[in-house]
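Coordinate inspection notes
Each chain, written out:
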Protein chains: 4
Amino acid sequence: MVGGGSGAFIGAVHRIAARMDGEFQLVAGALSSTPEKSHASAQALGLARSYDDFSAMARAEARRKDGIEAVAIVTPNHMHAGPAIEFLKRGIHVICDKPLTATMAEAKKLAKVAERSNALFILTHNYTAHPMVRQARAMVAAGEIGRLRLVQVEYVQEWLTQDAEHHGSKQAEWRTDPARSGAGGAIGDIGTHAYNLACFVSGQTPEALAADLSSFVEGRPLDDNAHVLLRFPGGAKGMLWASQVAPGNENLLRLRLYGDKGGLEWEQEDPNRLWFTRFGEPRQLFTRNGAGSWPEAARVSRVPPGHPEGYLEAFATIYAEAARAIRAHQRGETVPEGTTYPTLADGLAGMRFIAACVASSKRNAAWIAP
Amino acid sequence: MVGGGSGAFIGAVHRIAARMDGEFQLVAGALSSTPEKSHASAQALGLARSYDDFSAMARAEARRKDGIEAVAIVTPNHMHAGPAIEFLKRGIHVICDKPLTATMAEAKKLAKVAERSNALFILTHNYTAHPMVRQARAMVAAGEIGRLRLVQVEYVQEWLTQDAEHHGSKQAEWRTDPARSGAGGAIGDIGTHAYNLACFVSGQTPEALAADLSSFVEGRPLDDNAHVLLRFPGGAKGMLWASQVAPGNENLLRLRLYGDKGGLEWEQEDPNRLWFTRFGEPRQLFTRNGAGSWPEAARVSRVPPGHPEGYLEAFATIYAEAARAIRAHQRGETVPEGTTYPTLADGLAGMRFIAACVASSKRNAAWIAP
Amino acid sequence: MVGGGSGAFIGAVHRIAARMDGEFQLVAGALSSTPEKSHASAQALGLARSYDDFSAMARAEARRKDGIEAVAIVTPNHMHAGPAIEFLKRGIHVICDKPLTATMAEAKKLAKVAERSNALFILTHNYTAHPMVRQARAMVAAGEIGRLRLVQVEYVQEWLTQDAEHHGSKQAEWRTDPARSGAGGAIGDIGTHAYNLACFVSGQTPEALAADLSSFVEGRPLDDNAHVLLRFPGGAKGMLWASQVAPGNENLLRLRLYGDKGGLEWEQEDPNRLWFTRFGEPRQLFTRNGAGSWPEAARVSRVPPGHPEGYLEAFATIYAEAARAIRAHQRGETVPEGTTYPTLADGLAGMRFIAACVASSKRNAAWIAP
Amino acid sequence: MVGGGSGAFIGAVHRIAARMDGEFQLVAGALSSTPEKSHASAQALGLARSYDDFSAMARAEARRKDGIEAVAIVTPNHMHAGPAIEFLKRGIHVICDKPLTATMAEAKKLAKVAERSNALFILTHNYTAHPMVRQARAMVAAGEIGRLRLVQVEYVQEWLTQDAEHHGSKQAEWRTDPARSGAGGAIGDIGTHAYNLACFVSGQTPEALAADLSSFVEGRPLDDNAHVLLRFPGGAKGMLWASQVAPGNENLLRLRLYGDKGGLEWEQEDPNRLWFTRFGEPRQLFTRNGAGSWPEAARVSRVPPGHPEGYLEAFATIYAEAARAIRAHQRGETVPEGTTYPTLADGLAGMRFIAACVASSKRNAAWIAP
């Protein structure tokens, strides 16, 4: 693991997720920005091998016979590309947090290395791993809602309503800092999740967007709210709203898709349920592993219906899917059918989305291709 | 009553609403487009005085000692201005369905007459009369959510998902017909409700909007979906989504307002509840007439908490408010404090909103002042 | 109207309900316990004919050519039988609030008179008039849930959590007073509603019950909480919980029925929805007048789906059904098919239920036939 | 691990739970009823040490220097006591699934051994480990709802609506078999969970209960539905409903507590939320780790508010609490303050509850002390 030292939120999430299905064990790390902090965090976690920095780690692990199979990169955005490149170059699989990088230049550099590497690159757009998200995607693909018309997606939080970045929140500090986060604030942190989810489930990518980004907290250099209109190649249209200044919303990620035959609605805070309406019939409530559950959902479920799975389970499924892909790769086989995880292509699409939103907003919400 | 003959939806609603609080009795009407249909409908309703058309009615009622106090105009949009002008000219109060008229020209003409008339003009933007909407407005005005930042409003239906206008739905026929509805389809029918509600509760009117209107059903001349970005003078921003092609949504009108201190959320399909969050505290659920209910809500409630009031009750409150204003007017008094109803100004704002949406959409979602 | 003077809750409800569908006009009344109060209330309501007391009213109205068709009795329970008998004797139809009477003796006396009277007796168990309750009943009757096994019903309020009866609440005073309410507190006031609803929808009446009644507020002579077990003749079982001391519950009336093929769930605070599950299939959400709505629901709906109807609409439907029955009766015809309203038999069943609960509770929750 | 071979539901749950917080590693097992099946399952799981049966395992592991610290017993109920006794006798800590045993005789035997053993006994009443359940318990203890009056608890499922036990469901087979499950069907399987949860949160144990058990599916020897009335020493009363034949309910475990000052409501299918009402104030919605979250909830949370934790996380918390207790025990220290897990006493209380329900039901729902 690179990053994820004490106090980090997402590092702990990755560790639990990696462990949950018993596919990975954490054995080595360069957990923090200085050797001292790294070793202290490593000791606290009982880590076998602690390195001064990610370069040392990549070199050493690549040389070991029992070196790591894969590295999890859970640093702030500006520290994704560097480590990812080091490990990919040495054939070590990379599981990397989103967004892909802080800048498009880094993203392109990383992409070049990844393309030449024999190792896999997995991006943790974790929300795509919820069983009911998988079912929604399968239902859209199977034509259950007919021809797609509308994509309404929103990712709404409240935690940056005030200037937490000046009141001791480390999370808030780096996420509102262009040097560490890149050009996108809310649009990068959560907008990319919303965008990725919408594309994943709908099976479509917008051809144009118009964005109005705002920074409501005085002095905040990055957007904390984004209003985006979307247009898809096949004629569908959409709205994307990402906000971190909406009191009353902890982590509302809601996706609604409508076609000429039906509609689908899903919310991250209630992830075991999926509303489906066939136009002209009563609404139906599909549940994870419940009656009528589709195989795509059942495949990534762990417990029976009514026993809620949550955020960590979906995150763990990304790791489980990564494990399946890596095992197959190690055996020289193709990835088993159904195995699904976000890739470099998704990461690049996310970067183009951020760039397009920022550019559109600067031009007064002009239409731009992402 | 003008309009509201057999088969009409909104005419029946007005009749129940007028009756509910015992303030009005229906005694006269020109209920349909031909004298025959009008008289047949009048007979079915047991109406005392049935007229061939609205002009005859206006003339005759104005002459009677016991002539009507007020007329309800519940015709399709293109038939609002004509009757309204006739009655206003004769000093008869007008309670008119929304949107104000089919065209801006009609609206201006009507406005001129109304300004010179001694009679009142009440527009039935009924959703503003829900007790919890009243409370939300009062809470915003009292600073409970702080400085306004975000206005998210959506009015979403499913009933025009297919071309009902060619399959026998009279409602669908005129609402998708520019000659009878005007330039706006969904944006006129329900978008104006959403816009009016957002302005009413927030106490603010956008200074600019960017709209992307769509007509998803082939051959439909008016929009059935509208995506609109909003900008308010004080720096707040918003999104408005109006759709009649979203399967699974019967009549979802949802308003969410966020400021730097808190947030408010309300839904028309669950109208007796209002979510309020003071940033940093647990969410609170205010209920109509329940614990902590504000006087502005209690004032327009009829039954105790937990006994749901609905669509008709709010509609009836518009009539009750109109009655209070008319009684005061008759006594030469000022309207009692607190009495609140949508006026000609709201109607004109709605017309400007429709026009701006249509113009913006034609210019590829350019920003336009409504 | 008998009762319903100023300050009364249910009188106002009856007046709105009677008016809503335009079938009744309030023209006469003995509105309060003294002539002075009665006349003052009558004046405030603009009532044409105000009487000193119900006897005077019954005599006078029966003699008038334009005398009232029906009387609404909305007094406290101990004042139901007296007026009902007076009016029934004179052939005036009676619409009476529940429970039937304060004592079983009164109930029997009333029943005898009613049986001999040519006039109709309608009891306002208003919750049976909700469209989705009607649909639920029809679905059970049609075998949609199979053979009935479980009847879970609860009616839960919070308003008597503290001793409101000693702090100025007139409602609380008489409802906790055995002299005016009878032997049942919560069990009479709301338990009878729950019981009636359960029987109405299930189509079955329990053959035995075991009740544990409590009075949690010190010094309160009547129960404010009732826990009841039910057994039905066909082998079904159930639970009934009625409480007025459950903080957080305004007026939660919830009915859940399960059979060997499916289940149905309905809640009064969200009355436009009905959950239906066919065992082995995804849950379905039926809505009032929505897709898949049954004719029994559509028959008593006023507005389209998504436009919520509420408490007053259901109450008004009891009046509308009464009107249909009375009109038919006046024409010497049978009541139109489908017309449904609670009768004297329901009232007597409610009285037996109260008596059985009280008796069972005194015998430590022994099984007793209601 | 003892039990949990291929096809078992709860064994897999225990394995994930044990792994989630990195406190335990699965190294040894006697996973099934025959040596062949056991070894096959062990191989599938990649288990280091597989034993023919639990006795062999207990003996061997107790002798090893690197023997297991604790054993998880996840067999059907009739196979709890035997293994638990073997391991406890040898000083190996036991983490055992509920209910404690199949018979009271076994339970007493186990209790004697456990009392003499130096090892800990942890019962996996997992629902007590949900953060919001912990908060609810703390709020009750702190007097937030005042003096307790009402305890309404229900645990409702649908999976045994039909005779799944004769259609290939192994789960259904043993859970409806008295030889393997004991005297309680639904009352043992899920009723004990409901009972334990109610006692845990309320801080009280009933002094009497009256139970009406049913077996709705023909030929099923154990109850599949239980209706139970409860009486608590301090005067509080309650209802417990456990059912496995209620179509539409996957795993509804709902607890509602009311006192003279307020109320609390929690549902297992929406476990990150806790409704709290202070009588006379608007309802409040507490969320896991959200604004106003109590330290007792935060202590056992892993991720920020809005990122749902679920069934497995709560289960894992039982393991994490067990780990804390075992580590302290190993160091000869007292268990750290706040560490909370269900013990042998809870298991015995559960057995008494089952026995009392069965006895009461046989005596026509007579009151019996559990």
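Note that the coordinates shown come from a computational prediction; the quantities given were computed from them, not determined experimentally.

Residues and elements named next belong to chain A. Together, Lys-89, Lys-108, Lys-109, Lys-112 and Arg-116 line one region of the surface with positive charge. Ranked by residues supplied to the positive patch, first place goes to helix H5 (residues 104-116) with four residues. Its place among the elements puts Lys-109 in helix H5. According to the relative accessible area criterion, Lys-109 is exposed, its value standing at 58%.

What follows covers the UniProt feature "domain: Gfo/Idh/MocA-like oxidoreductase N-terminal" (unreviewed entry) in chain A. Here the UniProt feature "domain: Gfo/Idh/MocA-like oxidoreductase N-terminal" (unreviewed entry) sits at residues 5-123 of chain A. Span residues 5-123 of chain A is 46% helix and 13% strand, its end C-alpha atoms 20 Å apart.

On to the confidence of the model for chain A, then. This prediction gives chain A a mean pLDDT of 97; 100% of its residues lie at or above 70. The complex prediction reports pTM at 0.97, with the ipTM value standing at 0.97.

In this section: the interface of chain B and chain A. With 47 residues of chain B in contact, the opposing surface of chain A contributes 47 residues. Summed over both sides, the interface of chain B with chain A buries roughly 3900 Å², with 55% coming from carbon and sulfur. Our count for the chain B to chain A interface comes out at eight salt bridges. Put simply, Arg-256 of chain B and Glu-154 of chain A hold a salt bridge, and the shortest N to O gap is 2.8 Å. Taken together, chain B and chain A are joined by 22 residue pairs in polar contact (both at pLDDT 80 or more). Counting residues per element, the ones that place at least two in the side of chain B that touches chain A are strand E6 (148-156), strand E7 (208-214), strand E8 (225-231), strand E9 (237-243), strand E10 (252-259) and strand E11 (262-267) of chain B. Here the side of chain B that touches chain A gets six residues from one element, more than from any other, and that element is E9 of chain B. For the side of chain B that touches chain A, a count of residues per class yields 19 nonpolar, 16 polar and twelve charged.

The next subject is the domain arrangement of chain A. Residue and element names in this part refer to chain A. Examined at the domain level, chain A breaks down into domain 1 (9-119) and domain 2 (130-299 + 347-362). In this structure, domain 1 and domain 2 have C-alpha centres spaced 27 Å apart. If you look at the interface, domain 1 gives 13 residues, while domain 2 gives 17 residues. Our count for the contact surface shared by domain 1 and domain 2 stands at one salt bridge. Notably, a salt bridge pairs Asp-189 with Lys-98, separated by 3.3 Å at the nearest N-O pair. Here the side of domain 1 that touches domain 2 takes three residues from H5, the largest share from any one element. Of the residues belonging to the side of domain 1 that touches domain 2, the class tally is eight nonpolar, four polar and one charged.

Moving on, we get to the interface of chain A and chain C. Facing the twelve residues of chain A at the interface are twelve residues of chain C. In this assembly, chain A packs against chain C so that about 960 Å² is buried in total across both faces, 60% of it on carbon and sulfur atoms. Looking at the side of chain A facing chain C, the largest losses of area belong to Pro-282, Arg-283 and Leu-285 of chain A, adding up to 50% of the total buried there. Counting across the interface, chain A meets chain C through two residue pairs in polar contact (both at pLDDT 80 or more). Listed by contribution, the elements that provide at least two residues to the side of chain A that touches chain C are strand E12 (273-278) and strand E13 (283-287) of chain A. It is E13 of chain A that provides the largest number of residues to the side of chain A that touches chain C, a total of five residues. When its residues are assigned to classes, the side of chain A that touches chain C shows five nonpolar, four polar and three charged. Where E13 of chain A lies against strand E13 (residues 283-287) of chain C, three bridges are found, and the strand directions are antiparallel. By the bridge assignment for E13 of chain C, Arg-283 of chain A is matched with Leu-285 of chain C.

For the rest of this paragraph, the subject is the sheet that holds strand E3 (residues 70-73) of chain D. Residues and elements named next belong to chain D. Taken together, the three strands give an open sheet; going across it, the order is E3-E4-E5, and neighbouring strands pair in parallel fashion. Only two strands of the sheet have a single partner each, and these edge strands are E3 and strand E5 (121-123). Neighbour-to-neighbour, the strand axes of the sheet open up by a mean angle of 15°, direction not taken into account. Inspection of the sheet shows strand E4 (residues 93-96) paired to E5 by three bridges, in the parallel sense. Among the inter-strand pairings, Val-94 is bridged to a residue of E5, identified as Phe-121.

Before going further, it helps to spend a moment on unusual backbone geometry. All names here are of chain A. Cis geometry marks the peptide bond from Lys-98 to Pro-99, where omega comes out at -10°. With respect to the helices, strands and loops of the structure, Pro-99 is situated in the loop between strand E4 (93-96) and H5. Look at Asn-364: it is not a glycine, yet its phi comes out positive at around 60°. Topologically, Asn-364 is positioned in the segment after helix H12 (344-362).

On to the nonpolar core, then. Generally speaking, soluble globular proteins have nonpolar side chains that are buried together. Core analysis: the largest hydrophobic core is formed by 218 residues, its most contacted members being Phe-87, Phe-121 and Leu-240 of chain B together with Phe-87, Phe-121 and Leu-240 of chain C. Excluding residues within four positions of it along the chain, Phe-121 of chain C makes contact with Ala-84, Leu-88, Val-94, Cys-96, Leu-100, Leu-110, Tyr-341, Pro-342, Thr-343 and Leu-344 of chain C. Leu-230 and Leu-257 of chain A together with Val-133 and Ala-194 of chain D belong to the second largest nonpolar core, which has 217 residues in total.

Another aspect to go through is the relation of the copies chain B and chain A. For the match of chain B to chain A, the screw axis carries a shift of 0.0 Å, the RMSD comes to 0.0 Å, and the turn is 180°. One copy is carried onto the other by what is essentially a two-fold rotation axis. In this assembly, 100% of the residues forming the interface of chain B have copies in chain A that are likewise at the interface, indicating an isologous arrangement.

Let us now look at the side chain of Ser-117 of chain D. Residues and elements named next belong to chain D. Inspection of the secondary structure assignment puts Ser-117 in the loop between helix H5 (104-116) and E5. Given the relative accessible area of 15%, Ser-117 is considered buried. At 2.8 Å, the side chain of Ser-117 and the backbone nitrogen of Ala-119 are in polar contact.

The next thing to look at is the sheet that holds strand E5 (residues 121-123) of chain B. All names here are of chain B. Across the sheet, three strands lie side by side as E3-E4-E5; this open sheet has parallel pairing. On the outer flanks of this sheet lie strand E3 (70-73) and E5, each paired with one strand and no other. Adjacent strand axes in the sheet meet at a mean angle of 15°, parallel and antiparallel pairs treated alike. Together, E3, strand E4 (93-96) and E5 form the strand contacts of helix H11 (residues 311-330), whose direction differs from that of E4 by roughly 170°.

Rules and cut-offs
- Residues numbered from 1 in each chain as written.
- Chains lettered and ligands numbered in written order.
- Predicted model: local features only at pLDDT ≥ 70, side-chain atom pairs only at ≥ 80, totals over all residues.
- Heavy atoms only, no water.
- Patch = residues over 30% accessible without salt bridge, like charges linked within 9 Å, V, L, I, M, F, W, Y side chains within 5 Å.
- Areas by Shrake-Rupley, 256 points an atom, 1.4 Å probe, with all protein chains shown as cover.
- Salt bridge = Lys/Arg side-chain N within 4 Å of Asp/Glu carboxyl O.
- Lys, Arg positive; Asp, Glu negative; His and termini not counted.
- Charge placed at Lys NZ, Arg CZ, Asp CG, Glu CD.
- Helix = DSSP H or I, 4+ residues; strand = E, 2+ residues; numbered from the N terminus.
- Buried < 20%, exposed > 50% of the residue type's maximum accessible area, 1.4 Å probe, protein only.
- UniProt positions renumbered as here; feature names shortened; annotations may be inferred.
- pLDDT = per-residue confidence, 0-100.
- Contact = heavy atoms within 4.5 Å.
- Buried area = accessible area lost by both parts, 1.4 Å probe.
- Polar contact = N/O pair within 3.5 Å; in protein donor to acceptor, adjacent residues only side chain to side chain.
- Nonpolar A, V, L, I, M, F, W, Y, C, P; charged D, E, K, R; others polar.
- Domains from an automatic or database assignment.
- Pairing = 2+ DSSP bridges.
- Axes fitted to C-alpha atoms, helices over the stretch in contact; angles between N-to-C directions.
- Core = buried A, V, L, I, M, F, W, Y, C linked by side-chain atoms within 4.5 Å.
- Least-squares fit on C-alpha atoms with pLDDT ≥ 70 in both.

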